[in-house]
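Below, each chain spelled out in residue letters.
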Amino acid sequence: MRADRLVAALLFLQSTRRRVTAAELAAELGVSERTARRDLEALAAAGIPVYSQAGQGGGWSLVGGARTDLSGLTAPEIRELFLLTGPDADANPQTRTALRKLVRALPAPLREGAEAAARAGIADGTDWTGAETEEAQLAALQRAVVDERELRIGYARPGGEPRERTVQPLGIAAKSGVRYLLADTADGLRTFRVGRVTSVAETGATAVRPEGFDLTTAWRALAARMEDRLVAATVRGRAAPGTGSVLEGLLGGRIRYGERAPDGWTAFEADGPSPEVIAARLAGLGARVELLDPPAARTALARIGAELTSLYEGGPGTPAAPPRAPARGATPPG
């Protein structure tokens, strides 16, 4: 949706041949004045020659905007715009139409570069995991952010039942392919993984945006806090030959290798939310990994091993001893 608006905003600036206010653009696009101002700022940040002038008679204008061929844009600026909108355009017919109009408005020498930039990205919503797609929820959340609508969302943490919360949606952030809603709540700013949002409903109220809120600054602060929680504990261990790639797949960049012993086993350290969480992630490696420290990690692995032995040693259908309650902190992080 935002890609549509960015192209529409650019075309509107070009067609008016004068300075326009954020209020005029908002009326043209059917959005709030604050949203229109954010779109204009996004165009400027992307390198498009859009600038503002304060005071009476001020507003926003496009350098070279009086030229119907948009020649006020340089070739690098045009490529940047099409790279910015290209992935969304692949999935959105309205954006494709807007981009075709923009291409026709460009001078012939610049069209080839613009078309190549638009082809440089693609967004594929196909879910190869077989899980229910999150695209519908994402679209509803994005609309609420843009339209500044308060929401009542259902949210399910790992292993838990969905719980409803009232939130003030402030933005969507993506990290390593995972998308998060940033929202203000009764408990302060929080992040909600979009894939775990089970329902989205507008309350009918206008969302309250904190004074001076900046999405980039807020995300960096929240992300730093999450990173701190994800590396709150460290375990030491050793791994059998040929286990490195599996360890890296399970722990990512939170593993550090030490010396290799004469028997081929390699020492390592790994960070995680707790010793129990790290132990649970490594349990599937069996005897190919031995955790040495802290004792809580060894205890967690011993408990997991005992539970699995009790469950499987008697054959299918054999009653197993009741499992012990999981250790505190053993739930994988959200």
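Residues numbered from 1 in each chain as written. Predicted model: local features only at pLDDT ≥ 70, side-chain atom pairs only at ≥ 80, totals over all residues. Heavy atoms only, no water.

Before going further, it helps to spend a moment on unusual backbone geometry. Here the residue pair Asp293 and Pro294 is connected by a cis peptide bond, since its omega of 5° sits within 30 degrees of zero. By secondary structure assignment, the location of Pro294 is in the loop between β11 (289–293) and α11 (295–312). Its identity as a non-glycine residue notwithstanding, Glu148 has a phi of 55°, on the positive side. Mapping Glu148 onto the fold places it in the loop between α7 (135–147) and β3 (149–155). (Helix = DSSP H or I, 4+ residues; strand = E, 2+ residues; numbered from the N terminus.)

Right, let's get into the confidence of the model for the chain. Overall, the predicted model of the chain reaches an average pLDDT of 77, with 70% of residues at or above 70. For residues 87–91, every residue scores under 50 in pLDDT, and the model assigns this stretch eleven contacts once sequence neighbours within four places are set aside. Here residues 325–334 is modelled with pLDDT under 50, and outside its nearest four sequence neighbours on either side it reaches 21 contacts, counting other chains as well. (pLDDT = per-residue confidence, 0-100. Contact = heavy atoms within 4.5 Å.)

Next up on the list: the nonpolar core. Formed by 18 residues in total, the largest nonpolar core has its most connected members in Leu13, Leu25, Leu40, Leu43, Ile48, Val50 and Leu62. Of all elements in the fold, only α1 (2–16), α2 (22–29), α3 (33–45) and β2 (59–62) reach the threshold of two or more residues within this core. For this core, the element with the highest residue contribution is α1, accounting for five residues. With sequence-adjacent residues up to four places away left out, Leu13 is seen in contact with Val20, Leu40, Val50, Trp60, Ser61 and Leu62. The next biggest cluster of nonpolar side chains, apart from the first, holds 15 residues, and it includes Phe268, Ala270, Ile278 and Leu285. (Core = buried A, V, L, I, M, F, W, Y, C linked by side-chain atoms within 4.5 Å. Buried < 20%, exposed > 50% of the residue type's maximum accessible area, 1.4 Å probe, protein only.)

Strand direction decides the pairing type here: strand β4 (residues 163–175) and strand β5 (residues 178–185), joined by seven bridges, are antiparallel. The residue of β5 that forms the bridge with Gln168 is Asp184. Count of turn residues in the β4/β5 antiparallel hairpin: two residues, of which Ser176 carries a positive phi of about 55°. Relative to strand β6 (residues 188–193), β5 runs antiparallel, the two being bridged by six bridges. By the bridge assignment for β6, Ala183 is matched with Arg190. Turn length for the β5-β6 hairpin, with the two strands adjacent in sequence and antiparallel, is two residues. (Pairing = 2+ DSSP bridges.)

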